[in-house]
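Chain residues, written in single-letter form:
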Amino acid sequence: MSTPAELTARFIAAFNARDRAMLRALLAPELEFIRPGGAVLTTAGAVLAQYEADWAMMSSSRVEPQQVIVSGDDLLAEITIHSVIDGQTVALPGAIAHRWRGGRLVRYRLYTDRLSSVLGPRHA
């Protein structure tokens, strides 16, 4: 069985490659996926639809993990999300919390600074 660190590395690699099939394989069919601001998605299909919407506004995007802490099935990591939005390069610091069960992501939470603090009030 893969470790939470290995699973999160695969998840990030799939996100960076925009590999929808791999992302779906790593997501539990039903999960708790909490985005900044508190929006909660509860199905793998909803998560993939949200990623499609996110990718549509970013001409490129890449998550870079820094510090990683693992405790049982849980993982916390500091990350930087590098993207290009409206031609502007953005480096958004944040943290992710993942919970893995049976090789599938069952809980996800992303904490970030407000995107508007990086891009300005137009994107609030």
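Residues numbered from 1 in each chain as written. Predicted model: local features only at pLDDT ≥ 70, side-chain atom pairs only at ≥ 80, totals over all residues. Heavy atoms only, no water.

As a further point, take the overall build of the protein. When helices and strands are counted, the protein shows four helices and six strands. For the protein, the sequential pattern of α-helices and β-strands runs α-α-β-β-α-β-β-β-β-α. At 14 Å, the protein has a C-alpha radius of gyration in line with the 14 Å of a compact globule built from 124 residues. Dimensions of the protein, computed from the C-alpha atoms along their principal axes, are close to 45 × 30 × 25 Å. Sorting the 124 residues of the protein into buried and exposed places 38% on the buried side. Long-range pairs, those at least 24 residues apart, make up 45% of the contacts in the protein between residues at least 6 apart in sequence. As displayed, the protein has an accessible area near 6,700 Å², and 54% of this comes from carbon and sulfur atoms. With 13 positive and 12 negative side-chain charges, the protein shows a separation of 3 Å between the mean positions of the two kinds. (Helix = DSSP H or I, 4+ residues; strand = E, 2+ residues; numbered from the N terminus. Rg over C-alpha atoms; globule rule 2.2 N^0.38 Å. Buried < 20%, exposed > 50% of the residue type's maximum accessible area, 1.4 Å probe, protein only. Contact = heavy atoms within 4.5 Å. Areas by Shrake-Rupley, 256 points an atom, 1.4 Å probe, with all protein chains shown as cover. Lys, Arg positive; Asp, Glu negative; His and termini not counted. Charge placed at Lys NZ, Arg CZ, Asp CG, Glu CD.)

Here we take up the side chain of Ser83. With respect to the helices and strands, Ser83 occurs in strand E4 (residues 74–85). Once you skip the residues sitting within four places of it in the chain, Ser83 turns out to touch Met58, Ser60, Ser61, Gln88, Thr89 and Val90.

With that out of the way, let us pick up the nonpolar core. Residues Phe11, Leu23, Leu27, Tyr51 and Tyr108 are the most contacted members of the largest nonpolar core, which totals 31 residues. Looking at this core, the elements with two or more residues in it are helix H1 (4–17), helix H2 (20–26), strand E1 (27–34), helix H3 (44–57), strand E3 (58–71), E4, strand E5 (88–101) and strand E6 (104–112). Aside from chain neighbours lying at most four places away, what touches Leu23 is Phe11, Ala14, Phe15, Leu48, Tyr51 and Trp55. (Core = buried A, V, L, I, M, F, W, Y, C linked by side-chain atoms within 4.5 Å.)

For the structure shown, the criterion picks out eight aromatic pairs. With 6.3 Å between their ring centres and 45° between their planes, Phe11 and Tyr108 make a pair best called tilted. Taken together, the residues Phe11 in helix H1 and Tyr108 in strand E6 connect sequence positions 97 residues apart. Here Phe11 matches Tyr108 in class, with each residue buried. (Phe/Tyr/Trp six-rings, centres within 6.5 Å; stacked < 30°, edge-to-face > 60°.)

Its place among the elements puts Arg35 in the loop between E1 and strand E2 (40–43). For Arg35, a relative accessible area of 19% corresponds to the buried category. Sequence-distant contacts of Arg35, that is, excluding residues within four places in its chain, are made with Leu41, Gln50, Asp54 and Leu110.

Now for the environment of Gly37. Note that Gly37 resides in the loop between E1 and E2. Among the residues examined, Gly37 registers a relative accessible area of 88% and is labelled exposed. Spatially, the C-alpha atoms of Gly37 and Arg101 are 25 Å apart, while their sequence positions differ by 64 residues.

Our focus in this paragraph is H3. With 14 residues, H3 should cover 20 Å at 1.5 Å per step; its first-to-last C-alpha distance of 20 Å lies within 8% of that length. By the burial criterion, the buried members of H3 are Ala44, Val47, Leu48, Tyr51, Asp54 and Trp55. The buried residues of H3 all sit within an arc of 115° when viewed along its axis, so they share a single face. Packed against the buried residues of H3 are H1, H2, E1, E2, E3 and E6. (Expected span 1.5 Å × (residues − 1). Arc of directions from axis to C-beta.)

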